[in-house]
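Architecture and fold: a report
Chain by chain, the residues run as shown.
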Amino acid sequence: MVFISDLSRLYSDRAGKMRKSVIRELLKVTQDPEIISFAGGLPNPKSFPIQELEKVFDYVMENHGETALQYGTTQGLKELRQSIAERACKDGIDCDEENIIIVSGSQQALDTVGKVFLNPGDTALVGLPTYLGGINAFRSYESNLEGIPLDQNGMRVDVLEEKIKGLLKDDITPKFIYTVPTFQNPAGVIMPEKRRKQLIDIANQYDLIIVEDDPYGKLRYDTSAIKPIKAFDDEGRVIYMSTFSKILSPGFRLAWTIASPELTRKMIICKQALDLCTNTFTQFLAWEFMRRGSLDLHIMKICELYKPKRDMMIDAMKKYFPEGYTCYKPKGGMFAWVTLPEGIDTETMFLDSIKEKVAYVHGKAFHVDGGGDRSMRLNFSYSTDEQIQEGMKRLATVIKNKLQKEKVVL
Ligand SMILES: Cc1ncc(COP(=O)(O)O)c(C=O)c1O
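Here's a quick rundown of the structure. Just so it is clear, the structure is predicted and the values come from calculations on it, not from any experiment.

**A short note on the site of the ligand**
- Contacts to the ligand come from 13 residues, most closely from Ser106, Asp213, Tyr216, Thr243 and Ser245.
- A distance of 2.7 Å separates an oxygen atom of the ligand from a polar atom in the side chain of Thr243.
- Contact with the protein chains covers 93% of the free accessible surface of the ligand, which is 390 Å².

**Concerning the side chain of Ser381**
- With respect to the helices, strands and loops of the structure, Ser381 is situated in the loop between β14 (375-379) and α13 (385-405).
- Within the structure, the side chain of Ser381 is placed 3.0 Å from the side chain of Asn379, a separation counted as a polar contact.

**Some words on the environment of Leu297**
- Relative to the elements of secondary structure, Leu297 occurs in helix α11 (residues 294-320).
- The exposed category is assigned to Leu297, whose relative accessible area is 52%.
- Spatially, the C-alpha atom of Leu297 lies 16 Å from that of Ser83, the residues being 214 residues apart in sequence.

**Digging into helix α8 (residues 193-206)**
- The end-to-end C-alpha distance of α8 is 20 Å, a good match for the 20 Å that 14 residues give at a rise of 1.5 Å each.
- Of all the residues in α8, the buried ones are Arg195, Arg196, Leu199, Ile200, Ile202, Ala203 and Tyr206. Buried positions in α8, seen along its axis, are confined to an arc of 160° and lie on one side of it. Along α8, exposed side chains directed more than 90 degrees from the buried face belong to Lys194 and Gln205.
- Contacts from the buried residues of α8 go to β4 (144-151), β5 (154-155), α7 (157-169), β6 (176-179), β7 (209-213) and β8 (238-243).
- Just past α8, the residue Asp207 takes up positive phi, approximately 60°.

**Describing the packing of aromatic side chains**
- Taken as a whole and judged by the stated rule, the model has eleven aromatic pairs.
- With centroids separated by 5.8 Å and ring planes inclined at 85°, the aromatic side chains of Tyr216 and Phe335 adopt a geometry described as edge-to-face. With Tyr216 in the loop between β7 and β8 and Phe335 in strand β11 (residues 335-339), this pair connects stretches of sequence that are 119 residues apart.
- We note Arg292 situated over the ring of Tyr59; from NZ or CZ to the ring centre the distance is 5.2 Å.

**Digging into the sheet that holds strand β10 (residues 326-328)**
- Strand order in the open sheet made by the four strands is β10-β11-β14-β13, with antiparallel pairing throughout. If you trace the sheet from one side to the other, it starts and ends with β10 and β13 (361-362), each paired once.
- Bridge count for β11 against β14 is five bridges, and the pairing is antiparallel. Residue pairing in the sheet places Trp337 in a bridge with Arg377 of β14.
- Strands β10, β11 and β14 of the sheet are contacted by α11, whose axis makes an angle of about 20° with β11.

**Comments concerning a nonpolar patch on the surface**
- A surface patch of nonpolar side chains, about 300 Å² in accessible area, is lined by Leu7, Leu10 and Tyr11.
- Along the chain, Leu7 falls in the segment before α1 (13-17).
- For Leu7, a relative accessible area of 35% corresponds to the partly exposed category.

**Here we look at the sheet that holds β4**
- Taken in spatial order, the eight strands line up as β2-β9-β8-β7-β6-β3-β4-β5 in an open sheet, and their pairing is mixed. The sheet terminates laterally at β2 (100-103) and β5, the two strands that pair on one side only.
- Inspection of the sheet shows strand β3 (residues 123-128) paired to β4 by six bridges, in the parallel sense. Bridge pairing in β4 links Ala124 to Leu145.
- Along the sheet, α7 makes contact with β3, β4, β5 and β6, crossing β4 at roughly 155°.

**Some points on the pairing of β2**
- Of the two faces of β2, the one lined by Ile100 and Ile102 and the one lined by Ile101 and Val103 are each fully buried.
- With four bridges connecting them, β2 and strand β9 (residues 255-258) associate as antiparallel partners. Its bridge partner lying in β9, Ile101 is registered against Thr257.

Scoring rules and cut-offs
- Residues numbered from 1 in each chain as written.
- Predicted model: local features only at pLDDT ≥ 70, side-chain atom pairs only at ≥ 80, totals over all residues.
- Heavy atoms only, no water.
- Near = heavy atom within 4 Å.
- Polar contact = N/O pair within 3.5 Å; in protein donor to acceptor, adjacent residues only side chain to side chain.
- Areas by Shrake-Rupley, 256 points an atom, 1.4 Å probe, with all protein chains shown as cover.
- Helix = DSSP H or I, 4+ residues; strand = E, 2+ residues; numbered from the N terminus.
- Buried < 20%, exposed > 50% of the residue type's maximum accessible area, 1.4 Å probe, protein only.
- Expected span 1.5 Å × (residues − 1).
- Arc of directions from axis to C-beta.
- Contact = heavy atoms within 4.5 Å.
- Phe/Tyr/Trp six-rings, centres within 6.5 Å; stacked < 30°, edge-to-face > 60°.
- Lys NZ or Arg CZ within 6 Å of the ring centre and 35° of its normal.
- Pairing = 2+ DSSP bridges.
- Axes fitted to C-alpha atoms, helices over the stretch in contact; angles between N-to-C directions.
- Patch = residues over 30% accessible without salt bridge, like charges linked within 9 Å, V, L, I, M, F, W, Y side chains within 5 Å.
- Salt bridge = Lys/Arg side-chain N within 4 Å of Asp/Glu carboxyl O.

Such coordinate-based values are descriptive only and should not be taken to indicate function.
What follows is the structure in structure tokens.
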């Protein structure tokens, strides 16, 4: 067969500008079974409730087979939306099933947000660092992303306000503020209630939308529950999203958005062109799993599995890493964020780490301003305890060698 030699002349400007996801590429390298990977944001497969889901599967087939195997509405299974709304109300979000869309993963919700709001050249505000999948989704709409630094309490609202003022002065209205306020990916930090309210005040004052991405809020290890930003939203300007990926199964490809009726309508129209409807079958499975009261118990089990892994990774860091690094101990979620001494570039160090058979994601991948060269994200949920111990030893060797090679004086 003869292939057309150069297709790039046919591509749309948008497709031509799209770049591969660093993480997807990294995950390919880490398929090597000898590599201990702290790179992906993968849940631990031991956490999947396989036996219980087998029973749920049989029940759904017997009782709802004809509907579960059929197309569904774009907005999603009503009963599942009702169950999600009930839970969201308990978290302080004033909503019902009409505010909810079931989407094919939060990633689809992020893409839909981009589709709804972003024209080429539009500006959106994101954290420094922020979730790489968010960056990719918004950039695919040819937008300009401005970064707002984080501290240990999440996105810095003082810098945010100054940035908004500066943009407005230049006649640029940012389309939305994207934030992962609870156990942030990648930094692990949590935004306290006071700052959540300040963020809402800023959005109200400057008439902006907030996109609140909350996949990790329920994976809490040693801190009390905190209300989502959406709980303080009196003006319908927060689009909240969460997912079953980290609390049940990412293979289900099930997540949800909670938004005002107007925004919900708009997002439904955009989603129609994407996939008509979310996987009906897994929606039934998730609904039945929740109807049996299994979800909360399951989340407890996940937290019991991940908390000691978090502790083990932080302890191994203390034990094996050379001096000069900093790491915020996350109170939940799946990631530890490490910053190494000045003079180390974690992107170039990645090749050394692959030789040592250990992997991480370098910090630059999460920075829209090209920063983050000294940092790296380590996932602690996926690996076995033995892999965490061994992987951290290997990583310590990589860092020590790099410090020597770069002649870094501590
Ligand atoms: C902050 C954040 N948002 C969205 C996603 C995508 O989740 P989903 O599997 O629901 O598409 C992830 C996945 O790691 C994430 O960390």
